[in-house]
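# Topology and contacts: notes
So the chains spell out like this:
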Amino acid sequence: MISRDPALEADERVAEARSHGADEELDRSLRPKRLADFVNQEQVTEQLEVFIEAARRRGEPLDHVLLAGPPGLGKTSLAHIIAVELEAEIVQTAGPALERKADVAAFLTALEPGSVFFIDEIHRLGRAIEETLYPAMEDRRLPVVLGQGAGARTVTLDLPPFTLVGATTRTGLLTTPLRDRFGLCHRLEHYDAEHLARIARRSARILGVEIEVAGERAIAARSRGTPRVANRLLRRVRDFADVRAAGVITGEIANEALGMLEVDEAGLDRADRTLLEAIGRKFSGGPVGLSTLAASLDEEPDTVEDVYEPYLLQQGLIKRTPRGRVLTERGFSHIGIEVPERAASLF
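Now for a look at the structure at hand. Not measured: the values here are computed from a predicted model.

Parameters at a glance
Residues numbered from 1 in each chain as written. Predicted model: local features only at pLDDT ≥ 70, side-chain atom pairs only at ≥ 80, totals over all residues. Heavy atoms only, no water. Core = buried A, V, L, I, M, F, W, Y, C linked by side-chain atoms within 4.5 Å. Buried < 20%, exposed > 50% of the residue type's maximum accessible area, 1.4 Å probe, protein only. Helix = DSSP H or I, 4+ residues; strand = E, 2+ residues; numbered from the N terminus. Contact = heavy atoms within 4.5 Å. Phe/Tyr/Trp six-rings, centres within 6.5 Å; stacked < 30°, edge-to-face > 60°. Lys NZ or Arg CZ within 6 Å of the ring centre and 35° of its normal. Pairing = 2+ DSSP bridges. Axes fitted to C-alpha atoms, helices over the stretch in contact; angles between N-to-C directions. Salt bridge = Lys/Arg side-chain N within 4 Å of Asp/Glu carboxyl O. Expected span 1.5 Å × (residues − 1). Polar contact = N/O pair within 3.5 Å; in protein donor to acceptor, adjacent residues only side chain to side chain.

### Section: the nonpolar core
Within the largest apolar cluster, 29 residues are counted, with the highest numbers of intra-cluster contacts made by Leu48, Ile52, Leu62, Val65, Leu78, Ile82 and Val165. Those elements that provide at least two residues to this core are helix H2 (42–58), strand E1 (65–68), helix H3 (75–86), strand E3 (115–120), strand E6 (162–168) and helix H7 (193–207). Of the residues forming this core, the biggest block, six residues, is contributed by H3. Leave out the neighbours within four places in its chain, and Leu78 touches Leu35, Phe38, Val44, Leu48, Leu67 and Leu188. Ranked by size, the runner-up nonpolar core spans 23 residues in total, among them Val104, Leu125, Leu164 and Leu174.

### Some words on the packing of aromatic side chains
Taken as a whole and assessed by the stated rule, the structure comprises one aromatic pair. We note Arg181 situated over the ring of Tyr134; from NZ or CZ to the ring centre the distance is 4.0 Å. We note Arg224 situated over the ring of Tyr311; from NZ or CZ to the ring centre the distance is 4.4 Å.

### Digging into the sheet that holds E3
Strand order in the open sheet made by the five strands is E2-E3-E6-E1-E7, with parallel pairing throughout. Either end of the sheet is taken by a strand with one partner, and the two such strands are strand E2 (90–94) and strand E7 (184–187). In this sheet, adjacent strand axes meet at a mean angle of 15 degrees when their direction is disregarded. For E1 and E6, the ladder comprises four bridges, and the chain directions are parallel. Along E6, the bridge assignment pairs Ala68 with Thr168. Against the sheet, helix H4 (residues 101–109) contacts E2, E3 and E6, and its axis sits at roughly 170 degrees relative to E2.

### Some points on the pattern of salt bridges
All chains considered together, the criterion is met by 18 salt bridges. Arg57 serves as the salt-bridge partner of Glu53, at 3.0 Å between the closest nitrogen and oxygen. In this pair, Glu53 and Arg57 both sit in helix H2, four residues apart, roughly one turn of the helix. It is possible to trace a salt-bridge network through shared partners that takes in Glu305, Glu309, Arg320 and Arg325.

### Examining unusual backbone geometry
With a phi angle near 50 degrees, Glu121 is a residue other than glycine that sits in the positive phi range. Relative to the elements of secondary structure, Glu121 occurs in the loop between E3 and helix H5 (127–139). Of note, the phi angle at Arg140 is positive, near 55 degrees, even though the residue is not glycine. Looking at the element boundaries, Arg140 is found in the loop between H5 and strand E4 (141–146).

### A closer look at helix H11 (residues 270–282)
Note: α-helices contain 3.6 residues per turn, so residues at a spacing of three or four share the same orientation. A rise of 1.5 Å per residue sets the reference length of H11, with its 13 residues, at 18 Å; its end C-alpha atoms lie 17 Å apart and thus fit the reference within 8%. Looking only at H11, the buried set comprises Asp272, Leu275, Leu276, Ala278, Ile279 and Gly280. Put simply, Asp269 is the residue that caps the front of H11, since its side-chain oxygen is 3.2 Å from the backbone nitrogen of Ala271.

### As for H3
End to end, H3 covers 17 Å across twelve residues, agreeing with the expected 16 Å (1.5 Å per residue, within 8%). Counting buried residues in H3 gives ten out of twelve residues, a clear majority hidden from the surface. By the burial criterion, the buried members of H3 are Lys75, Thr76, Ser77, Leu78, Ala79, Ile81, Ile82, Ala83, Glu85 and Leu86. Looking at the buried residues of H3, the elements they touch are H2, E1, E2, E3 and E6. Phi for Glu87, located one or two positions after H3, is positive at around 55 degrees.

### What about the pairing of E7?
Of the two faces of E7, the one lined by Leu184 and His186 is fully buried and the one lined by Cys185 and Arg187 carries no buried residue. Relative to E7, E1 is paired through four bridges, and the arrangement is parallel. Looking at the pairing, Leu67 lines up with His186 of E7.

### Some thoughts on the environment of Gly331
On the secondary structure map, Gly331 appears in helix H14 (residues 329–335). Judged by its relative accessible area of 0%, Gly331 falls in the buried class. Each C-alpha atom, one on Gly331 and one on Leu276, is 6.9 Å from the other, the two residues being 55 residues apart in sequence.

Shown next, in the form of C-alpha cells:
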C-alpha cells in the first residue's frame, strides 16, 4: 500500500473545495437576474409579473409562492428574481436544514418587513415544522411555547409582512394543508432546444466566450431540456475550445467536445447507456426488477430510480411494469440492437 503525504492530501482537498466553490459562484453568475431575462416559462413569468406589480402598487407583500418542477429548471433563480423585482431582501434555507421549531422561529423573527423567505426542498419539512408555518403564513403570527409541563405557557409573536417562496421537485410529497396555503402555485416544464440555445448564447456572452449558432444548437440538443445541464456542458465545451481550438465554440468543436464527454445526441451519458444495455443485453429487454437491475450496475436502487430512470422514462426509452423495467423499441434502437421476439410481445 502506497502512503501519501498528509500535507499533500490536505492541499488537494483545499484545491478541490476552492474549485467547487468557484463552480458554484460561476453558476450564480449565469442565473438570470430579472423576469425579462428568464427564458421560456412565459406563462409563469407573465403571471408573476402581473402579481408582483399589483403587490407593489398596493404596498403589500406578494402572496406566498410555490414553485414546482424537475431539478435544474430555474426554481431558485425565480425565487431570487421575485426578491429583486419586489426590491426586497431574500433569506434562503432548505427543508432538511429546519429540524426544530426554534430553527423556523429564528428565521421568521429576523425577517425584515417585505422580505422573501425562500425554502428549497420544502417537501422535506417535518410535520411539526409545517404546523409552525401555518399561522405564520396565514396570520403572520408565531406561537412560542415557554417552559415545560404544567407551567408552560404560549406567547404569540407578531411577524413582519413577508412572502414565503417554496421550491419542490416532489409536489406529491407536500401535505394538502401546506400546499393550500400558497396563493400562487406554478410548475416549471422542460425547455425546448430553441430556448436552451438562447440560454447557451447568453451564458457564453457572460463567460466571454465566442460561440457560433451551430455550437449553441449542439449544446442545446444534448442538454436534457434543462438549463443547468446546458450551462454545465457549455463550461466543459469552453474548456475544450480553449485547449484544442482558438477559443471559439463551433458546431464541430462542440460535437467533438461532447463526444469526449460521452454525451450522445439524445443527451444520454455513459451511465444512462450502461443501464439501457444492461436491460437490453443482460436481461433480453426485461422485465427486470429494480433491485436486480441495481445489483447488475453496482448501484443503489434509490440511485437508479431517482437519478437515472426519470429522464429515460421521459424519453420513452424504458418503461415500468408490474413485473419490472422493460426496454422499449426506442430503447433497443438507441443502443443498436434488434428487438428480441420475446420482448416484442411486451410492446
